[in-house]
Amino acid sequence: TFTPDAVTLLAVLRGPQSGRASKLYSTVHSLLDLDEVAREGLPKESLTAVVGAATRSASEAVTARRSVIPDATWKRRTIRLNPAESDRTLRLARLIALTRHVWHDNEDDVTEFLSTPHALLGGRTPLECSATDLGTEMVEGVLRRLMFAVAG
């Protein structure tokens with residue numbers, strides 16, 4: 001099975017424009033290092049990068065961001081997310097990394113999969129399911145079925 005390493009997760013968390021996140025992530029060389037940064041709070045722009053990688057439109061990105069942090073709280077955050085928000089951001093980053101692995105880094109296929117309702121998820125989209133840990137596990141199960149070509 002695929003387990004994303006620190007480099008893979010950093011690519012999702014940094015996004016195409018690194019900004020301040022690059023400096024903070026410069027000390028990350030392992031999952032333990034990344035866990036330590038998350039405990040202190042990931043950079044706010046990491047959540048923007050993650051939802052950008054998971055969605056096809058600005059409205060989808062706002063909806064995905066709201067599943068991690070409400071609007072009022074988002075506006076109050078200046079530099080870092082709190083540990084709980086960081087954990088939810090990392091959960092979504094791990095799901096994106098696995099989806100990229102399954103779809104061979106094809107961004108269109110990744111966002112299409114994450115945004116399309118799936119029968120094995122009760123008609124919900126993988127992105128909707130990723131709002132909870134159990135929902136994320138269900139999406140990971142669907143991706144593993146795809147990875148290993150298991151029907152139903």
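Read on for an overview of the structure. (Residues numbered from 1 in each chain as written. Predicted model: local features only at pLDDT ≥ 70, side-chain atom pairs only at ≥ 80, totals over all residues. Heavy atoms only, no water.)

Section: the side chain of Ser-115
In this fold, Ser-115 is placed in helix H8 (residues 107-115). Judged by relative accessible area, which is 13%, Ser-115 ranks as buried. Of the polar contacts made by the side chain of Ser-115, one reaches the side chain of Glu-60; its length is 3.1 Å. Ser-115 has contacts with Ala-54, Arg-56, Glu-60 and Thr-125, leaving out every residue within four places of it along the chain. (Helix = DSSP H or I, 4+ residues; strand = E, 2+ residues; numbered from the N terminus. Buried < 20%, exposed > 50% of the residue type's maximum accessible area, 1.4 Å probe, protein only. Polar contact = N/O pair within 3.5 Å; in protein donor to acceptor, adjacent residues only side chain to side chain. Contact = heavy atoms within 4.5 Å.)

Points about the pattern of salt bridges
Within this structure, the stated rule accounts for seven salt bridges. Glu-60 is the partner of Arg-56 in a salt bridge, and the nearest nitrogen-oxygen pair spans 3.3 Å. Residue Arg-56 is classed as partly exposed on the basis of its relative accessible area, which comes to 45%. Of the residues examined, Glu-60 reaches a relative accessible area of 22% and is grouped as partly exposed. With a closest N to O distance of 2.9 Å, Asp-71 and Arg-66 form a salt bridge. By relative accessible area, which is 26% here, Asp-71 ends up partly exposed. In this structure, a network of salt bridges that share partners links the residues Arg-56, Glu-60 and Glu-112. (Salt bridge = Lys/Arg side-chain N within 4 Å of Asp/Glu carboxyl O.)

Digging into unusual backbone geometry
The backbone phi angle of His-104 is positive, close to 55°, even though this residue is not glycine. Along the chain, the position of His-104 falls in the loop between helix H7 (83-102) and H8. The exposure class of His-104 is exposed, given its relative accessible area of 70%. The phi angle at Asp-105 is positive, at roughly 65°, despite the residue not being glycine. The residue Asp-105 is located in the loop between H7 and H8 in this model. Looking at Asp-105, the relative accessible area reads 56%, which means it is exposed.

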